[in-house]
Amino acid sequence: MTTILYGRPPAVFDVPTGAQQTSPLIPGSTALEDLAPGSVDGAMIYAPPGVVERRYTLAMALRALKVGGRLDVMAHKSKGGSRLAKELKDFGLEFGETAKAHHRRCIVTRPEVIDGLDAAIAAGAMQQVAGLEAWSQPGVFAWDRVDPGTALLAGVMPPMKGAGADLGSGFGALSLVALRSPAVTSLRLVDIDRRAIAAAKKNVEDPRVSFEWADVRTLPTAGELNFIVSNPPFHDGGTEDRRLGQNFIRQAAALLKTGGVLWLVANRHLPYEAELNAAFKRVKPVLDKGGYKIFEAVK
């Protein structure tokens, strides 16, 4: 019996033992897109909060299920759970619904015919975003625009040189700016989101780049880089977690050689100054504008 799992549901939902992980946010997992239609007996989905992303995930899981297969889906009531029943009804599905631990949970037996499956998959798939001139996908950070913090950092950072990395690279917007400098010899694009890396491979076509689907917090740190650029995340599963950016700062310092430089943008309210001053020899606030702050930090 083949069972797939998407995401990390709370333990109260009895995650099936041996299920194949399919979340794009867990490096090394299997992509839902790679599963053959009708190849799976059961699926447990911890549904993502974004509407388009959630419908896409449900549609891909339903496509992978055999007729008669079991879909077990749950979401926190404030992060899509209150909409689950309507969205499943829109697919023409019958289901049982329960509430537990501030979550809504629905159990579906896959029927022969499902309404709107292809439309939901098309809406949430990798696509070239009109006006952005870049490939991206719903669920990727700032998937259909250039984030204002990224844009501010791109506008003030000087030409980079040597070997560098873009930590939390997204679909590659900041990397494209860094690569304008002919003095850049190599650039590592690192992101925890498989979809972001897949989009970046389409957007950043340059022989100097490499792509890593990885958690920045667990990267090996050899202290070999000349520069790092980063707009680090500060949400985990939709909840603010300031430790993410603080971990990025520590990792950046460990990845850089002595004299290497970090260019970082952050939302103004995030308390990164202490972490920067502890990890770097010299820290310079460069800009405070529009709710964002930019730092240059030299190791």
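Look a little higher up for the structure.
Residues numbered from 1 in each chain as written. Predicted model: local features only at pLDDT ≥ 70, side-chain atom pairs only at ≥ 80, totals over all residues. Heavy atoms only, no water.

Visitor: Quick question: what am I supposed to make of the pairing of strand 9 (residues 162–167) here?
Guide: Residues in a regular strand project their side chains so that they alternate between the two faces of the sheet. Burial runs high along strand 9: 6 of the 6 residues are buried. Where strand 9 lies against strand 10 (residues 184–191), 6 bridges are found, and the strand directions are parallel. Of the residues in strand 10, the one forming a bridge with G162 is V184. With helix 5 (residues 173–178) bridging strand 9 and the parallel strand 10, this β-α-β connection has right-handed handedness. Pairing analysis gives 4 bridges linking strand 9 to strand 12 (residues 225–230), with the strands arranged parallel. Paired with L167 across the strands is S230, a residue of strand 12. (Buried < 20%, exposed > 50% of the residue type's maximum accessible area, 1.4 Å probe, protein only. Helix = DSSP H or I, 4+ residues; strand = E, 2+ residues; numbered from the N terminus. Pairing = 2+ DSSP bridges. Right-handed = clockwise from strand over helix to strand, strands pointing away.)

Visitor: Quick question: what am I supposed to make of the environment of W135 here?
Guide: Tracing the chain through its elements places W135 in strand 8 (residues 134–136). As a C-alpha pair, W135 and A36 span 99 residues in sequence and 24 Å in three-dimensional space. Setting aside anything within four residues of it in sequence, one finds W135 in contact with M126, Q127, Q128, F171, A199, K202 and N203. (Contact = heavy atoms within 4.5 Å.)

Visitor: So what exactly am I meant to see when it comes to the pairing of strand 16 (residues 282–289) here?
Guide: Note: strand 16 against strand 17 (residues 292–298), 7 bridges, orientation antiparallel. Paired with V283 across the bridge in strand 17 is A297. Counting the residues in the hairpin turn of strand 16 and strand 17 gives 2 residues, including G290, whose phi is positive at 60°.

Visitor: It is not clear to me how the pattern of salt bridges should be interpreted in this structure. Could you clarify?
Guide: Counting across every chain of the model gives 17 salt bridges. Salt-bridge contacts for E97 lead to R104; the nearest nitrogen and oxygen are separated by 3.8 Å. The exposure class of R104 is partly exposed, given its relative accessible area of 30%. Salt bridges linked by common partners bring E53, D193 and R195 together as one network. (Salt bridge = Lys/Arg side-chain N within 4 Å of Asp/Glu carboxyl O.)

Visitor: Please explain the sheet that holds strand 16 as it appears in this structure.
Guide: Backbone hydrogen bonds are what pair the strands of a sheet, in a parallel or an antiparallel way. With mixed pairing, 7 strands are arranged side by side in an open sheet as 11-10-9-12-15-17-16. Strands at the two margins of the open sheet, each flanked by one partner only, are strand 11 (209–213) and strand 16. Strand-to-strand, the axes of this sheet are offset by a mean angle of 15°, without reference to chain direction. Relative to the sheet, helix 7 (residues 243–255) contacts strand 9, strand 10, strand 12 and strand 15 (256–267), its axis offset from that of strand 15 by approximately 155°. (Axes fitted to C-alpha atoms, helices over the stretch in contact; angles between N-to-C directions.)

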